[in-house]
Amino acid sequence: MNPLKWSLVEPFYKLLIGEDRKGQINNITKMIGLPIAGLVVFLLIWQGASSNIHTSLGQFPGPVQTYEQFISLQEEAEASALKEEKFYERQAERNAQRVEKDPGYVPTIRDYTGPPTFFEQIGRSLVTVMSGFFLASIIAIPIGIVIGLSANAYAAVNPLIQIFKPVSPLAWLPLVTMVVSAVYVTDDPAFDKAFLNSMFTVLLCCLWPTIINTAAGVATVTQDLKNVSQVLRLSWWTHVRKIVLPCSIPMMFTGLRISLGIAWMVLIAAEMLAQNPGLGKFVWDEFQNGSSNSLGRIMVAVIMIGIVGFILDRGMLILQKAVSWDKSVTLR
Amino acid sequence: MSEVHLELTDVGIEFPTPKGPFRALEKVDLKIKQGEFISLIGHSGCGKSTVLNIVAGLYEATEGGVLLDGREVNEPGPERAVVFQNHSLLPWLTAYENVELAVDQVFKRSKTASEKKEWIEHNLKLVHMDHAMHKRPDEISGGMKQRVGIARALAMQPKIMLMDEPFGALDALTRAHLQDSLMEIQKELNNTVIMITHDVDEAVLLSDRIVMMTNGPAASIGEILSVDLPQPRDRLALADDPTYNHYRSEVLRFLYEKQRKVNH
C-alpha cells in the first residue's frame, strides 16, 4: 500500500507536485469542503432551533452547551481517575504500615468502587455489544449455512425467522430478564445479571440478518462449483470448508455488518431498561437526574452513540473488504 | 489400441418435468478404446452434454449403463475428470490453489507434500500456465482460465477426460492455441478423451472418431466417422488436404442435410 495513493492523501500530493491542479482542487472541495459545509449548516440550524425550545429542564442544549458538557464530563473522568489513584495509594500505605507492625498480616486489596465515568460507560457498552454480537454470530453462521445448503431446512426455518426478525428488543427484555434470573442462579456470579439481560437481548435481535444473508450467500454456490465438488468427491465437511464458506463470505459479512448495526441500536435501549452500566444507562440516569445540565449531557451521549456506531460500521467494512475475494464489487 | 475401455450400452434418460417426463436420450451405444480421442457433435439441445454428464456420473441413466474398465459408473469421481465449459475455477483461489484442491483430494495419502507441489507445477507447465500460477481467475484471460481448468483435470490423473465444449466461449485465435496445446498434451499423455464441440474443424482436427448425434428429443447416435489422418496434425498443412476436407464435408453434410434443425 502506497500512502501517497490513499484517497485522503492523493489529491494533496498531486496538488503539491502540480499535477492537474484544477482537478485536485475540485477533488479536495468534494472530499473535505462539502462535508464541512454540511456540518456548519447543521450546527447553525441546531443552534437556531435549540434557542427556541424551552423545556422544564431549561433551554434545549445547543452545540455550545453540548460541548461544555463534554468538557465537564472529561474533567469528571480525570478527577475520578485521580481519586482512584489516591485510593490505591492510601490503601498501599495503610497496608504497609500494618505489615510493619505485624509481619504475619496478609493485606487484602480492596477494589475502588466509585461510580463509572462517562468514558468507562462507553467501554462497558462496547463489551456488552461485542459479546452479544459475537455469540449471535457463532449461532447464526452455522444455521445460515445449514439452511442455505438444504432447501427443506430453509422451508422449515424461514417462517420462524420472518416472525422473530421484526420483534423489538423491548418485547424480548422482560422475558430475557425473567429467564436469566430463573436459570442463572449461583452464589458467586461471574457476570452481572443486568449485563446478561442486555447481552441476550442484543443477541436475540441481531441473529436474523446474519442467518438470512449467510443462507443467501450459500445459495450463490453455482451448480458448476457443486459439480466440481462432486467430481472431486469432496466430503460434506470439505465441501463446506473449501467451497461453500469462501463462496458465501461476501454475503455473510454483509449480514454481519447489518447485525452489528442493529446490535448497537438495540443495546442502548436494553441498557436503559436493564440498568446495565453503559451509554443507555447513562442517558436514563441523566434523564432521571433532571438537572439543568442533563439535556446537554444526553446530547453528548447521543453524538457519542452515533460516532461509536459509525466506527463499528467502518471497522466491519474494512474487515469485509479484507475477506471479500470478489474485488469487482464496490463496498461502501 | 487395446480392448474396450469405456462402454455405453443402450443408454437412455428421461427427465421429469411439470408436463410429464421428457425423454432426452435413447439407445446410445458407444465403445471407446484406451487412448482414443472422441468428439461428440450435434445441434444444440441434442443431448451431447447429457451423454457427457452420464459418463461423468452427474446424471444417472434411466436405462442402460456405463462401464469403465468393466466397472459400472454410478457416481461422479476424479477418474473421470471433467473440463467444464465455463472453466468452473474457484474464484477465490489462485491457479495453483485450484489445481492443489484436486491434487490434495486425489493423492491425499499417495503423494508427499513436495511430490504434490511438483505434480501441481508439472501440470500447470503442461498447459503453459507456469508463469501465472499464482494469479487468481479474475486476473487472467478466458483462455488462460480454461488452461487451468485442463490442468486441474489432468492433475487428477484420470482414466478418461470429459470436456464439455471446452473452447466454446473463446475467440478463434485463442481457441486455435488451446487446440494446439491439447494436441501436444495428448501426444505426450495419450489420454482417453470425450469432447463435446459444435466446431466442425475442431472435431476433425483433434479426433480419432467423431460421434454425430441426431436431434432431440430422444436423441441418439446418428453416425460415427473415423478420422484417418496421421498424427501429429498440423492445421495449416491440413487446410488444403483433400482427405481432411472430405471428413469436414462429411460432418457438415450430416449436420446440415440429414439433421437440419427445423425449429430454430
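Residues numbered from 1 in each chain as written. Chains lettered and ligands numbered in written order. Predicted model: local features only at pLDDT ≥ 70, side-chain atom pairs only at ≥ 80, totals over all residues. Heavy atoms only, no water.

**Concerning the overall build of chain B**
The helix and strand inventory of chain B stands at 8 helices and 10 strands. Radius of gyration (C-alpha) of chain B: 19 Å, near the 18 Å computed for a compact globule of 264 residues. Excluding contacts between residues fewer than 6 apart, the proportion of contacts in chain B whose partners are at least 24 apart in sequence is 70%. Per element, the accessible surface of chain B, about 12400 Å² overall, is 49% carbon and sulfur. When the 30 basic and 39 acidic side-chain charges of chain B are each reduced to a single mean position, those positions are 2 Å apart. (Helix = DSSP H or I, 4+ residues; strand = E, 2+ residues; numbered from the N terminus. Rg over C-alpha atoms; globule rule 2.2 N^0.38 Å. Contact = heavy atoms within 4.5 Å. Areas by Shrake-Rupley, 256 points an atom, 1.4 Å probe, with all protein chains shown as cover. Lys, Arg positive; Asp, Glu negative; His and termini not counted. Charge placed at Lys NZ, Arg CZ, Asp CG, Glu CD.)

**Remarks on the pattern of salt bridges**
Any two side chains of opposite charge can pair, on the condition that their charged atoms come close. Residues and elements named next belong to chain B. What the rule picks out here adds up to 22 salt bridges over all chains. For the salt bridge of R175 with D199, the shortest nitrogen-to-oxygen distance reads 2.9 Å. Separated by 24 residues along the polypeptide, R175 in helix α5 (residues 172-189) and D199 in the loop between β8 (192-197) and α6 (200-206) bring together distant segments of the chain. Classification of D199 by relative accessible area gives buried; the value is 18%. For E250, the salt bridge is made with R253, and the minimal N-O distance between the two is 3.5 Å. Of the two residues, E250 and R253 are both situated in helix α8 (residues 242-258); the distance of 3 residues between them amounts to about one turn of the helix. Given the relative accessible area of 25%, E250 is considered partly exposed. (Salt bridge = Lys/Arg side-chain N within 4 Å of Asp/Glu carboxyl O. Buried < 20%, exposed > 50% of the residue type's maximum accessible area, 1.4 Å probe, protein only.)

**Comments concerning the sheet that holds strand β9 (residues 209-213) of chain B**
Residue and element names in this part refer to chain B. The sheet built from 6 strands is open, its strands ordered β6-β7-β8-β3-β9-β10 with mixed pairing. Of all strands in the sheet, those bounded by a partner on one side alone are β6 (80-83) and β10 (221-226). Between one strand axis and the next, the sheet turns through 20° on average, direction left out of account. Alignment of β9 against β10, held across 5 bridges, turns out to be antiparallel. Counted as the bridge partner of M212 is E223 from β10. The strands that helix α1 (residues 48-56) touches are β3 (37-41), β6, β7 (160-164), β8 and β9; relative to β7, the one it contacts most, it runs at about 150°. (Pairing = 2+ DSSP bridges. Axes fitted to C-alpha atoms, helices over the stretch in contact; angles between N-to-C directions.)

**What about the pairing of β6 of chain B?**
Residues and elements named next belong to chain B. Burial of β6 is two-sided: the residues R80 and V82 facing one way and the residues A81 and V83 facing the other way are all buried. In this structure, β6 lies alongside β7, joined through 4 bridges in parallel fashion. Bridging across to β7, V83 finds its partner in M163.

**Some remarks on the packing of helix α6 (residues 169-183) of chain A against helix α7 (residues 193-218) of chain A**
All names here are of chain A. At a closest axis distance of 9 Å, the pairing of α6 and α7 adopts a crossing angle of 135°. Overall, the two elements α6 and α7 adopt an arrangement that is oblique. Here the hand of the crossing between α6 and α7 comes out right-handed. Residues P169, W172, L173, V176, T177, V180 and S181 of α6 touch α7, and the partners they reach there are K193, L196, N197, F200, T201, L204 and C205. (Parallel < 35°, antiparallel > 145°, perpendicular 65-115°, else oblique. Left-handed = near helix turned anticlockwise from the far one by under 90°.)

**Side note on the sheet that holds strand β5 (residues 71-72) of chain B**
Residues and elements named next belong to chain B. Taken in spatial order, the 4 strands line up as β2-β1-β4-β5 in an open sheet, and their pairing is antiparallel. The open sheet has two edge strands with one neighbour each: β2 (22-33) and β5. As paired strands, strand β1 (residues 4-15) and strand β4 (residues 63-68) are joined by 5 bridges and run antiparallel to one another. Bridge pairing in β4 places E7 opposite L67. Sheet contacts for α1: β1, β2 and β4; angle to β1, the most-contacted strand, approximately 120°.

**Observations regarding the pairing of β9 of chain B**
Residues and elements named next belong to chain B. Here β9 lies mainly inside the structure; 5 of its 5 residues are buried. Taking every second residue as pointing to the same face, both faces of β9 are buried, with R209, V211 and M213 on one and I210 and M212 on the other. In this sheet, β9 lies alongside β3 in parallel orientation, the contact comprising 4 bridges. Bridged to I38 within β9 is R209.

**Describing the interface of chain B and chain A**
It is common to give the size of an interface as the accessible area that goes away when the parts come together. Facing the 23 residues of chain B at the interface are 15 residues of chain A. Between chain B and chain A, roughly 1800 Å² of surface is buried when both sides are summed, and carbon and sulfur atoms account for 67% of that area. A per-residue breakdown of the area chain B buries against chain A is headed by W92, L101 and Q105 of chain B, which together make up 34% of the total. Where chain B touches chain A, the interface holds 2 salt bridges. Where R233 of chain A meets E79 of chain B, a salt bridge forms, and the shortest distance between an N and an O atom there is 3.9 Å. If you look at where chain B meets chain A, you find 3 residue pairs in polar contact (both at pLDDT 80 or more). Those elements that place two or more of their residues in the side of chain B that touches chain A are β6 and α2 (95-106) of chain B. Considering only residue class, the side of chain B that touches chain A consists of 13 nonpolar, 4 polar and 6 charged. (Buried area = accessible area lost by both parts, 1.4 Å probe. Polar contact = N/O pair within 3.5 Å; in protein donor to acceptor, adjacent residues only side chain to side chain. Nonpolar A, V, L, I, M, F, W, Y, C, P; charged D, E, K, R; others polar.)

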